[in-house]
Amino acid sequence: MEKIEKSNLAYLGSNAQASLIKCMLEDKKQFNSAIKYLNPKSFTDTGLKMIVQVICDYYEKNNVAPTYKDIEYSIKYKCSTEDEMCSAKRMFQYIRDEKTLEGMYTAANVCLNGLKQIEIQRILDNAKRATKDKEFNPDSIAKYIEELSQICLSGNNNIESPSASELFEMVFSYSKTDKIKSGIEELDEQLNGGFQRGTVSLIIAATGCGKTTLSSIIALRSAIEGNNVLHIFFEDTLVQIGQKYYSTLTGLNSDEFNKDYNRLCLIDFLNEYPKYKDALYKHIKPMRLTNGETTFEDIREKITECINSGWKPDMVVIDYISCIQSSSNKNLAITNEVQAQERLMKKIETLAQDLNIHILTLQQTNRDGVKVDTAMNRIGNVQGSFRMTQPCSYIMYLDRTQDTTDYNRANLYLDKCRGSKPKQWTNIYLNNGNCQIDLSGKTYTDDSLYYDDDEDEKSVGFKMQ
């Protein structure tokens, strides 16, 4: 099973987190074991964060564990908004009144392990920052080793605690795991290796230009690179998205999949090349949600379910923003849609940061998607508000060329790219029918799409009838 990044307790779910707090409040030994690692930022439920903050503040002031009555009293004065108050009261009542949380002590111990792992990561991060200081004294590494030893000696064999030599290697090594490849070579080269973890990207295009095609190509090609990709969509069916995956892989149009010869060729091909089979069977999860009724909270819950099952996405594709109910508060979603969408994008950015993943979002252009000639105007042509694009680290704008004789021609603009330079790819090949893309601007015929065994250089798809 693939290792899950544990920057907070999201991968365990809110029930397990609530179990830890209940155990702490009802078992003094559990409280003493966990209080030193307790941090509101490690928890994901808003109400639970508030309760943890109350516990930490009370313990710091009184050096004893608070009672349920102490917490209930403190919540009234700690919450600054009505929403915070409602969330905290709801979670408090659940923790206090639920008599038998299923597997409560087991869940609490797993959460405690998670808190210790988060603390270890904090120590390692501090050690890495210290080495960048010009006045860094190598002897001070002993301080970090001592802190790690204290956690290791706390009686938990499930904690990943490095030895002194391993810590040294961690501190002085450079990690390249923060990049997620799109699988499109020219784009990854421009992105200095791929999309940065903890960031959001946005593809803007008019209806019919190929947003879904481009995002499906990226989803599958990234999965072929070994990344786990959760592909969320609202308007297409599962069969249509599946056809795009297989078209990307084979270069075939969807109406060619019913031929027995092609089906048998594809089975043989997947058996011969395991990485393509793994991409389709292990690394990519297509998920269709209800258009207009799905909220951000629903999406976060679906991601959490994936993580709890042991499958953590490296990238989440959301096709597209306008299909999400932009606020669980229906009044706000209806009366101030622009403001609600701005908040939605901020929430998506926070989710990407919390889970250390990349989220690729899509959105329509304004009006009829008239072509505009500057990056500022293209970004401003997003349906909604210019401000909703601000959380995005990467913004791509897709439109079709004016060549009416070849509809498979398009322009792709990388108009915003933190950590790299913007770039334009004009007159590229983007075929909605067989889901092929080439940013080089070459001219293609149907025959030139396939691999040629006699040539060293591969084209786009593989040879099928």
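For the structure given in this document, a descriptive report is provided here. Bear in mind that the values here come from a model prediction, so they are computed numbers and not experimental data. (Residues numbered from 1 in each chain as written. Predicted model: local features only at pLDDT ≥ 70, side-chain atom pairs only at ≥ 80, totals over all residues. Heavy atoms only, no water.)

We now examine the overall build of the protein chain. Along the backbone of the protein chain there are 17 helices and 11 strands. A buried classification covers 50% of the 465 residues belonging to the protein chain. For the protein chain, the computed accessible surface area is about 23,800 Å², with 46% contributed by carbon and sulfur atoms. (Helix = DSSP H or I, 4+ residues; strand = E, 2+ residues; numbered from the N terminus. Buried < 20%, exposed > 50% of the residue type's maximum accessible area, 1.4 Å probe, protein only. Areas by Shrake-Rupley, 256 points an atom, 1.4 Å probe, with all protein chains shown as cover.)

The next point concerns the environment of Ser-215. As for its position among the elements, Ser-215 is in helix H10 (residues 211-224). For the pair Ser-215 and Leu-362, spaced 147 residues apart in sequence, the C-alpha separation works out to 8.1 Å. The residues touching Ser-215, leaving out its near neighbours within four places in the chain, are His-231, Val-317, Asp-319, Leu-360 and Leu-362. (Contact = heavy atoms within 4.5 Å.)

Position of Thr-250 among the secondary structure elements: in helix H11 (residues 238-250). Residue Thr-250 is classed as buried on the basis of its relative accessible area, which comes to 0%. Among the polar contacts listed, one links the side chain of Thr-250 to the backbone oxygen of Tyr-246, at a separation of 2.7 Å. (Polar contact = N/O pair within 3.5 Å; in protein donor to acceptor, adjacent residues only side chain to side chain.)

Core analysis: the biggest nonpolar cluster contains 118 residues, and Ile-21 and Leu-38 have the highest contact counts within it. Filtering out sequence-adjacent residues up to four positions away, Leu-38 remains in contact with Ile-21, Met-24, Phe-43, Val-52, Ile-55, Cys-56 and Leu-115. (Core = buried A, V, L, I, M, F, W, Y, C linked by side-chain atoms within 4.5 Å.)

The end-to-end C-alpha distance of helix H14 (residues 296-308) is 18 Å, a good match for the 18 Å that 13 residues give at a rise of 1.5 Å each. Within H14, the full set of buried residues consists of Phe-296, Ile-299, Ile-303, Thr-304, Cys-306 and Ile-307. The buried residues of H14 occupy one face: seen down the axis, they fall within an arc of 155°. Where H14 is buried, its residues meet helix H1 (13-26), strand E4 (229-233), strand E5 (284-288), strand E6 (315-319) and helix H16 (337-355). At the exit of H14 stands Gly-310, carrying a positive phi of roughly 100°. (Expected span 1.5 Å × (residues − 1). Arc of directions from axis to C-beta.)

Turning our eyes to something else, we now look at the packing of H10 against helix H13 (residues 274-283). Two elements in contact, H10 and H13, have axes whose closest approach is 8 Å; the angle formed by their N-to-C orientations is 115°. One way to sum up the angle between H10 and H13 is to call them roughly perpendicular. The handedness of the crossing between H10 and H13 comes out as right-handed. Within the contact between the two elements, H10 uses Leu-220, Ala-223 and Ile-224 and H13 uses Lys-275, Tyr-276, Ala-279, Leu-280 and His-283. (Axes fitted to C-alpha atoms, helices over the stretch in contact; angles between N-to-C directions. Parallel < 35°, antiparallel > 145°, perpendicular 65-115°, else oblique. Left-handed = near helix turned anticlockwise from the far one by under 90°.)

Packing of H1 against helix H5 (residues 82-97) brings their axes to within 10 Å, and their N-to-C directions diverge by 65°. Seen from above, H1 lies across H5 with right-handed handedness. Contacts from Asn-15, Ala-18, Ile-21 and Lys-22 of H1 reach H5 at Met-91, Tyr-94, Ile-95 and Arg-96. Of the residues belonging to the contact of H1 with H5, the class tally is five nonpolar, one polar and two charged. (Nonpolar A, V, L, I, M, F, W, Y, C, P; charged D, E, K, R; others polar.)

Reading across from one edge, E5-E4-E6-E7-E3-E8-E9-E10-E11 is the order of the nine strands in this open sheet, with mixed pairing throughout. Taken across any chain shown, the strands that pair with only one partner, and hence form the sheet edges, are E5 and strand E11 (436-438). When strand polarity is set aside, the average angle formed by the axes of neighbouring strands in this sheet is 20°. Strand direction decides the pairing type here: E6 and strand E7 (residues 358-364), joined by four bridges, are parallel. The partner of Met-315 across the bridge, within E7, is His-358. Sitting on the sheet, H11 touches E4, E5 and E11, and the angle it makes with E5 is about 150°. Contacting strand E3 (200-205), E6 and E7, H16 crosses the sheet at an angle of about 160° to E7. (Pairing = 2+ DSSP bridges.)

Turning to the pattern of salt bridges, a few remarks are in order. Evaluation of the coordinates by the stated rule reveals 12 salt bridges. Across the salt bridge formed by Glu-349 and Lys-346, the nearest N and O atoms sit 3.0 Å from each other. With Glu-349 and Lys-346 both in helix H16 and three residues apart, the pair spans about one turn of that helix. Using a relative accessible area of 46% as the deciding quantity, one classes Lys-346 as partly exposed. Between Asp-415 and Arg-378 there is a salt bridge whose closest N-O contact spans 2.8 Å. Taken together, the positions of Asp-415 in strand E9 (residues 409-417) and Arg-378 in helix H17 (residues 375-380) put the pair 37 residues apart, joining distant regions of the chain. For Asp-415, a relative accessible area of 11% gives the class buried. It is possible to trace a salt-bridge network through shared partners that takes in Glu-72, Arg-96 and Asp-97. (Salt bridge = Lys/Arg side-chain N within 4 Å of Asp/Glu carboxyl O.)

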